[in-house]
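Structural description and commentary
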Amino acid sequence: MIGNMLPANLKVYRLAWRLYFGRASPLTRLSCAGRLFRGRFLSARAPISTMIGLTYRCQCRCVHCGMELKRAAGQELTLAEVKGVIGQARRLGAVEITLFGGEPLLRKDIVEIVAAARDLRMLPSIDTNGLLLTKDLVARLAEAGLGAVKVSLDSSRPEVHDRLRGSPGCFEKAIAGIRRCREAALPCVISTYATKENLENGELGRLIARGRELGVDAVRVLDTTLSGCFLSSPALLLDRAARSRLAGLIEPGFVFLENLASAKKLTHPVCSAVSRRYLYVSPVGDVQPCCFVPLAFGNVREKPLREILSGMWGSEIMDYGAGDCLMNNPRFREKYHARIAAAAALPLREGGKQ
């Protein structure tokens, strides 16, 4: 009851503590605080978060997949290479490592990767479809130092979720995985997305209510993004009425849009890539502004991450403004959409130059 009476900002800070710092050691908290202070107040250009795609492999075939692209062939980063990326991100000043896919739990070395991030005093989290969250794996991930798990749920109805994921039984396995995380005291977030349909018919609201029943720590809502399967579907973008409904569902400290940095009921997410708070390294080492933006500014197998990041942050890509997702930005789409859609393989190199 007291928690519900807290100001919005305090609710956000409390959630951030649970999801990122709650399971970290005192030394890790101190180390991360120092890096955050340096990046915020000493004018050091440093990303707060680095997302590493561990694999493109996945058991699902989601109708909305933002990673469904014509990808160039390449070997996944090895364990040693992933550890190297984490180390470079730390030296840049990053504090958070998000492990992404495909489905990151398909990597047999996932526990070792989490432990490597912990040992470097980083704050690791995982985005997963939940299918492999067995009791044993959840326990090993928690012991390795995982800070939080974000489990994808597309609907409160099993048949709808399974259809959207192209994977029978996916819903029940994801729910079981969430419950195992709760039993292990491992912070857990439902990750979902907003559409005109699920906002108008109330399904997104019902999914949020289901999350509350399950006892998750939060519900993250992603904006409709014109990437992957939705690359050429601008009619799917949320209109003013849909965004108004979405704003009504945002609850600082529990329901947040894209990231939890704001206590305001935002109708549009702030682009963390253009805000220079985030970068993405693909499963084959390409460095991109975001996992959904198929433009590569270099590869960690060829250049240091710091050098690639400097080139990316100094490019025209950062001039589009952080008020909208790059892939949804009309000017960005005018320049890049046709080239992305026609490319034989992605990502495009050096900001779209082949």
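Notes on the structure in this doc start here.

About the criteria used
Residues numbered from 1 in each chain as written. Predicted model: local features only at pLDDT ≥ 70, side-chain atom pairs only at ≥ 80, totals over all residues. Heavy atoms only, no water. Salt bridge = Lys/Arg side-chain N within 4 Å of Asp/Glu carboxyl O. Buried < 20%, exposed > 50% of the residue type's maximum accessible area, 1.4 Å probe, protein only. Helix = DSSP H or I, 4+ residues; strand = E, 2+ residues; numbered from the N terminus. Expected span 1.5 Å × (residues − 1). Arc of directions from axis to C-beta. Contact = heavy atoms within 4.5 Å. Axes fitted to C-alpha atoms, helices over the stretch in contact; angles between N-to-C directions. Parallel < 35°, antiparallel > 145°, perpendicular 65-115°, else oblique. Left-handed = near helix turned anticlockwise from the far one by under 90°. Pairing = 2+ DSSP bridges. Core = buried A, V, L, I, M, F, W, Y, C linked by side-chain atoms within 4.5 Å. Polar contact = N/O pair within 3.5 Å; in protein donor to acceptor, adjacent residues only side chain to side chain.

1. Section: the pattern of salt bridges
- In the structure shown here, the tally under the stated rule is 16 salt bridges.
- Salt-bridge contacts for Arg-118 lead to Asp-119; the nearest nitrogen and oxygen are separated by 3.0 Å.
- Using a relative accessible area of 33% as the deciding quantity, one classes Arg-118 as partly exposed.
- Between Asp-217 and Arg-182 there is a salt bridge, with the nearest N and O atoms lying 3.9 Å from each other. A residue pair is termed long-range when its members are at least 10 positions apart, and Asp-217 in the loop between α9 (203-214) and β6 (218-222) and Arg-182 in helix α7 (residues 170-183) qualify at 35 residues.
- Taken together, the shared-partner salt bridges in this structure form one network comprising Arg-57, Glu-76, Arg-107 and Asp-109.

2. Focus: α9
- The first and last C-alpha atoms of α9 sit 16 Å apart over 12 residues, in line with the 16 Å expected at 1.5 Å per residue.
- Within α9 the residues assigned to the buried category are Glu-203, Leu-204, Leu-207, Ile-208, Gly-211 and Leu-214. Buried residues along α9 cover an arc of 145° about the axis, so they all sit on one side.
- The inward-facing, buried residues of α9 contact α7, β5 (188-193), α8 (196-200), β6, α10 (240-249) and β7 (255-257).
- Backbone geometry just after α9 places Gly-215 at a positive phi near 80°.

3. Things to note about the packing of helix α3 (residues 79-92) against helix α4 (residues 110-119)
- For the pair α3 and α4, interaxial distance at closest approach is 10 Å and the crossing angle is 25°. Of the possible angle classes, the one that applies to α3 and α4 is roughly parallel. α3 and α4 meet at a crossing whose hand is right-handed. Across the interface between the two elements, Leu-79, Val-82, Lys-83 and Ile-86 from α3 touch Glu-112, Ile-113, Ala-116 and Ala-117 from α4.

4. Topic: the pairing of strand β8 (residues 278-281)
- Judged by which residues are buried, β8 turns out to be covered on both faces: Tyr-278 and Tyr-280 on one side and Leu-279 and Val-281 on the other are all buried.
- For strand β1 (residues 49-53) and β8, the ladder comprises four bridges, and the chain directions are parallel. Within β8, the position partnered with Thr-50 by the bridge is Leu-279.
- Inspection of the sheet shows β8 paired to strand β9 (residues 287-288) by two bridges, in the antiparallel sense. Across the sheet, residue Tyr-280 finds its bridge partner in β9, namely Gln-288.
- Between the antiparallel neighbours β8 and β9 lie five residues, among them Gly-285 with a positive phi of about 100°.

5. So, the nonpolar core
- With 90 residues, the main nonpolar core has Ile-110, Leu-141, Leu-246, Ile-317 and Phe-332 as its most contacted residues.
- Leu-19, Ala-148, Phe-256 and Leu-260 belong to the second largest nonpolar core, which has nine residues in total.

6. Description of the side chain of His-64
- Mapped onto the fold, His-64 is located in the loop between β1 and α3.
- Within the local environment of His-64, its side chain forms a polar contact with the side chain of Tyr-193, the two groups lying 3.2 Å apart.
- The contacts of His-64, once residues within four sequence positions are left out, are Asp-154, Leu-164, Arg-165, Tyr-193, Cys-229 and Phe-230.

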